[in-house]
Amino acid sequence: MKEIRCNICGKTIMHDKNVYTEDVLMVTKDWGYFSKKDGKRHRFCICESCYDDMIQRFVIPVCSEDITEFM
């Protein structure tokens, strides 16, 4: 199982028996036309703590809703 590290704080997300012990935000962005990164793919991971810190700075709050089924 691949090691995951938070790109913001560097924290290693531990795994036990091929199951990660906490969740992370994984982002993949393929940049396209009209960007200065045309043809580039960026990937990064953010731990839940850094995610919480990041969204506190948003001018428009994150939309949040409860879900009843987990995949």
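Caption draft 1: Examining the confidence of the model for the protein more closely. Taken over all residues, the pLDDT of the protein has a mean of 91, while the share at 70 or more is 97%. By mean pLDDT, the top-scoring element of the protein is helix H1 (residues 48–55) (97), and the lowest-scoring one is strand S3 (residues 15–16) (76).

Caption draft 2: Molecular detail of the packing of aromatic side chains. Under the criterion given, the structure shown has 1 aromatic pair. Judged by centre distance (6.5 Å) and plane angle (65°), the ring pair of tyrosine 33 and phenylalanine 34 falls under edge-to-face. Phenylalanine 34 gets classed as exposed once you look at its relative accessible area, which sits at 91%. Note that lysine 29 overlies the ring of tryptophan 31, its terminal NZ or CZ placed 5.1 Å from the centroid.

Caption draft 3: Seen up close, H1. Those residues of H1 that fall on the buried side of the exposure criterion are Cys50, Met54 and Ile55. All buried residues of H1 fall inside an arc of 130° around its axis, so they share one side. In this structure, the buried residues of H1 make contact with strand S6 (41–47).

Caption draft 4: Representation of the pattern of salt bridges. This model, assessed by the stated rule, comprises 2 salt bridges. Of the charged contacts in the structure, one is a salt bridge between lysine 11 and glutamate 22, with a shortest N-O distance of 3.1 Å. Note that lysine 11 is positioned in the loop between strand S1 (4–5) and strand S2 (12–13) and glutamate 22 in the loop between strand S4 (19–20) and strand S5 (24–30), a separation of 11 residues in sequence. Residue classification places lysine 11 among the partly exposed positions, given a relative accessible area of 35%. What makes glutamate 22 partly exposed here is its relative accessible area of 29%. For the salt bridge of arginine 41 with aspartate 30, the shortest nitrogen-to-oxygen distance reads 2.5 Å.

Scoring rules and cut-offs
Residues numbered from 1 in each chain as written. Predicted model: local features only at pLDDT ≥ 70, side-chain atom pairs only at ≥ 80, totals over all residues. Heavy atoms only, no water. pLDDT = per-residue confidence, 0-100. Helix = DSSP H or I, 4+ residues; strand = E, 2+ residues; numbered from the N terminus. Phe/Tyr/Trp six-rings, centres within 6.5 Å; stacked < 30°, edge-to-face > 60°. Buried < 20%, exposed > 50% of the residue type's maximum accessible area, 1.4 Å probe, protein only. Lys NZ or Arg CZ within 6 Å of the ring centre and 35° of its normal. Arc of directions from axis to C-beta. Contact = heavy atoms within 4.5 Å. Salt bridge = Lys/Arg side-chain N within 4 Å of Asp/Glu carboxyl O.

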